[in-house]
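Listed here are the chains, written in short residue letters.
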Amino acid sequence: MTDGHLFNNILLGGRAGSNPGQFKVYSGGLAWKRQGGGKTIEIDKAELASVTWMKVPRAYQLGVRTKDGLFYKFIGFREQDVSSLTNFMQKNMGLSPDEKQLSVSGHNWGGIDINGNMLTFMVGSKQAFEVSLADVSQTQMQGKTDVLLEFHVDDTTGANEKDSLMDLSFHVPTSNTQFLGDENRTAAQILWETILGVADVDSSEEAVVTFEGIAILTPRGRYSVELHLSFLRLQGQANDFKIQYSSIVRLFLLPKSNNPHTFVVVTLDPPIRKGQTLYPHIVIQFETEAVVERNLALSREVLAEKYKDRLEESYKGLIHEVFTKVLRGLSGAKVTRPGSFRSCQDGYAVKSSLKAEDGLLYPLEKGFFFLPKPPTLILHEEIEFVEFERHGAGGANISSHYFDLLVKLKNDQEHLFRNIQRSEYHNLFNFINGKHLKIMNLGDGQGTSGGVTDVLRDTDDEAVDPHLERIKNQAGDEESDEEDEDFVADKDDSGSPTDDSGGEESDASESGGKKEKLSKKEASSSKPPVKRKPKGRDEEGLEKRKPKKKKDPNAPKRAMTPFMYFSMAERAVSF
């Protein structure tokens, strides 16, 4: 690249795990995009505060701190990349990356450095570990010398990470010189107050707005949805989720066709975890006609300073609109609504099924979204081609009214959307073709007419299936020709003979037996096929039981065994 450098397989590190992606540095700033689509981080050059290099196991780590206090870790650089990136940043960004060393001594005592929202544990002049105070849900004192940090439970976690940090405890002796205490406060209390001020956590923090009894389809249940300043909370009878706004990638507002409900989908990266199941999409279902009025628990000063032109003091309107506006204002996520696609019933989606689950397929401007279960988002840039398939081309009558849509991704993964009504084909084909997606059609193998697309384009429901006709033609051409000749001969014979037409009977006998043979063929072809009964079954198809043979009273009896003779002899002796 002439205007920067591009690196693949760079990990974005953090408490949520390590996600691979593509890292780009250019004269205007930095950018990282997750592999396979999803989360994207863009940092402008004017927002950069400092950049550091650190040698970590098997790679180098680039630490980037912004002026807002956020810290990002990019892991996976090679040793030769360090010098090239350092020279590029010095020349084009005016930044000189510092080098930090990692402590590998294993010591668990040292000092604490708090810079922005990052807490770093130092052993001497080297860094042992660091945590983000933005992930802290609660901090409290344990005794007089211990400070406990609790992190968000059931928060978003990486798909490849089975374990995550839940709590961390620091022991601060009274002789500590970094945090000097006095008669009223110990050194541990000084550290606790410092962390409390930076992390801005409060167990009694009031929610900005609350929505009670909301139906959520994935993860299934009814939840009380609380929107706080920095996180979203879902409280149910059995589950309690806390989701940081930084994990929200996008919001989707999708009405259901001819249905009094509307979907609001919250897309997360990384996803939330419930047991061993990951949920990258939270599917919320609202009643379309429900009207609510909500007042935000925010002062005018906070609205003017932090949420200017993003939030208002109160909202009144449809519940899904109010929820989306408030969540968008607090999280800063973008909202996607239905695009230009319209179904034959003037809806925004088409009915289909995916993995034996019925649902709705929404063709959007930049992708396809199948809802509600399993929620599947497919971006146009991930699609290699789409293919229209005739549903049940074997010959069922219902197959002529439906078709399937196969979507193959560039990573060889396939999604088959089944049972789409045939009337939706024209609108769906025109929409996909307008997005310049590659369309593969099933044809006769010659690339000419007679394929599935031609059949689906025909609005007549009685259109001939080319696959079925090809099989019929290959089955037996000679038989069908003989039947056609018999049918024509029968017409020339002016109908079948009757008892009153004696002349016709004499003509048939004088024709050398030709017409007699034809009539025999006609009779044999007109007879209905006789169904053979399976052996051992009656007319109703029930299995017959063999009748029991009658015993002949005069038949000779079987000879007695030696034991019987012995028994009779012993019995006679005993008497």
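To start, this report covers the structure provided alongside it. Note that this is a predicted model, so its numbers are computed, not measured.

**So, the overall build of the protein**
- Assigned secondary structure in the protein consists of 11 helices and 32 strands.
- Across the 575 residues in the protein, those meeting the buried criterion constitute 38%.
- Look at the contacts in the protein between residues 6 or more apart in sequence, and 46% of them connect residues 24 or more apart.
- Working note: accessible area of the protein is about 35200 Å², and carbon and sulfur atoms make up 47% of it.

**Observations concerning the nonpolar core**
- Ranked by size, the top nonpolar core spans 38 residues in total, and within it Phe 211, Leu 227, Leu 234, Ile 282, Ile 284 and Phe 323 carry the most contacts.
- For this core, the secondary structure elements donating two or more residues are strand E15 (209-218), strand E16 (221-227), strand E17 (231-235), strand E18 (240-244), strand E19 (248-255), strand E20 (261-274), strand E21 (277-287) and helix H4 (319-331).
- Among the elements that line this core, the one with the most residues is H4, at six residues.
- If sequence neighbours within four positions are ignored, Ile 284 has contacts with Ile 214, Ala 215, Ile 216, Thr 262, Phe 263, Val 264, Val 266 and Phe 323.
- With 24 residues, the next largest nonpolar core counts Trp 32, Ile 41, Val 51 and Leu 95 among its residues.

**Let's talk about the pattern of salt bridges**
- Applying the stated criterion across every chain yields a total of eight salt bridges.
- Here Arg 185 ties to Glu 193 by a salt bridge, and the two come within 2.6 Å at their closest N and O atoms.
- With relative accessibility at 33%, the residue Arg 185 sits in the partly exposed group.
- Using a relative accessible area of 34% as the deciding quantity, one classes Glu 193 as partly exposed.
- Taking the shortest distance from any N to any O, the salt bridge between Glu 321 and Arg 337 comes out at 3.2 Å. With Glu 321 in helix H4 and Arg 337 in the loop between strand E24 (334-336) and strand E25 (350-354), the pair connects residues that are 16 residues apart, well separated along the chain.

**Considerations on the environment of Gly 76**
- Among the secondary structure elements, Gly 76 is positioned in strand E7 (residues 71-77).
- Residues Gly 76 and Asn 9 lie 67 residues apart in sequence; the distance between their C-alpha atoms is 7.0 Å.
- What Gly 76 contacts, discounting residues up to four positions off in sequence, is Ile 10, Ala 59 and Tyr 60.

**Concerning the sheet that holds strand E10 (residues 118-123)**
- In space, the three strands of this open sheet follow the order E9-E10-E11, with antiparallel pairing throughout. In this open sheet, the two strands that pair with only one neighbour each are strand E9 (111-115) and strand E11 (126-132). Ignoring strand direction, the axes of neighbouring strands in this sheet form an average angle of 25°.

**With respect to the pairing of E9**
- Two elements, E9 and E10, share five bridges in a ladder whose sense is antiparallel. Paired with Gly 111 across the strands is Met 122, a residue of E10.
- Following E9, the chain reverses through two residues before pairing antiparallel with E10; Gly 116 in that reversal takes a positive phi of roughly 70°.

**Some points on unusual backbone geometry**
- Here the amide bond leading from Thr 218 into Pro 219 is cis, since omega sits at -10°, within 30 degrees of zero.
- Considering the arrangement of structural elements, one finds Pro 219 in the loop between E15 and E16.
- For the bond from Lys 373 to Pro 374, the omega torsion is -10°, close enough to zero to count as cis.
- Relative to the assigned elements, Pro 374 resides in the loop between strand E27 (367-371) and strand E28 (376-379).
- The phi dihedral of Asp 346 falls on the positive side, at around 65°, and the residue is not glycine.
- Tracing the sequence through the fold places Asp 346 in the loop between E24 and E25.
- With a relative accessible area of 57%, Asp 346 lands in the exposed category.
- Here the phi dihedral of His 436 falls at roughly 60°; this positive angle occurs in a residue that is not glycine.
- Along the polypeptide, His 436 turns up in the loop between helix H5 (425-434) and strand E32 (439-441).

**What about H5?**
- Of the positions making up H5, those classed as buried are Tyr 425, Leu 428, Phe 429, Phe 431 and Ile 432. Looking down the long axis of H5, one finds its buried residues gathered within 165° of arc, a one-sided arrangement.
- The positive-phi residue at the C-terminal boundary of H5 is His 436, with phi of around 60°.

**Some points on the packing of aromatic side chains**
- For the structure on display, the rule yields 18 aromatic pairs.
- On the basis of an interplanar angle of 75° and a centroid distance of 5.3 Å, the ring pair of Phe 7 and Phe 77 is categorised as edge-to-face. A residue pair is termed long-range when its members are at least 10 positions apart, and Phe 7 in strand E1 (residues 4-13) and Phe 77 in strand E7 qualify at 70 residues. Taken as a pair, Phe 7 and Phe 77 share a single burial class, namely buried.

**Here's the deal with the side chain of Ser 343**
- Examined against the element boundaries, Ser 343 turns out to sit in the loop between E24 and E25.
- A distance of 2.9 Å separates a polar side-chain atom of Ser 343 from the backbone nitrogen of Gly 347.
- Setting aside residues no more than four positions away along its own chain, Ser 343 makes contact with Ala 349, Val 350, Glu 424 and Asn 427.

Cut-offs and rules
Residues numbered from 1 in each chain as written. Predicted model: local features only at pLDDT ≥ 70, side-chain atom pairs only at ≥ 80, totals over all residues. Heavy atoms only, no water. Helix = DSSP H or I, 4+ residues; strand = E, 2+ residues; numbered from the N terminus. Buried < 20%, exposed > 50% of the residue type's maximum accessible area, 1.4 Å probe, protein only. Contact = heavy atoms within 4.5 Å. Areas by Shrake-Rupley, 256 points an atom, 1.4 Å probe, with all protein chains shown as cover. Core = buried A, V, L, I, M, F, W, Y, C linked by side-chain atoms within 4.5 Å. Salt bridge = Lys/Arg side-chain N within 4 Å of Asp/Glu carboxyl O. Pairing = 2+ DSSP bridges. Axes fitted to C-alpha atoms, helices over the stretch in contact; angles between N-to-C directions. Arc of directions from axis to C-beta. Phe/Tyr/Trp six-rings, centres within 6.5 Å; stacked < 30°, edge-to-face > 60°. Polar contact = N/O pair within 3.5 Å; in protein donor to acceptor, adjacent residues only side chain to side chain.

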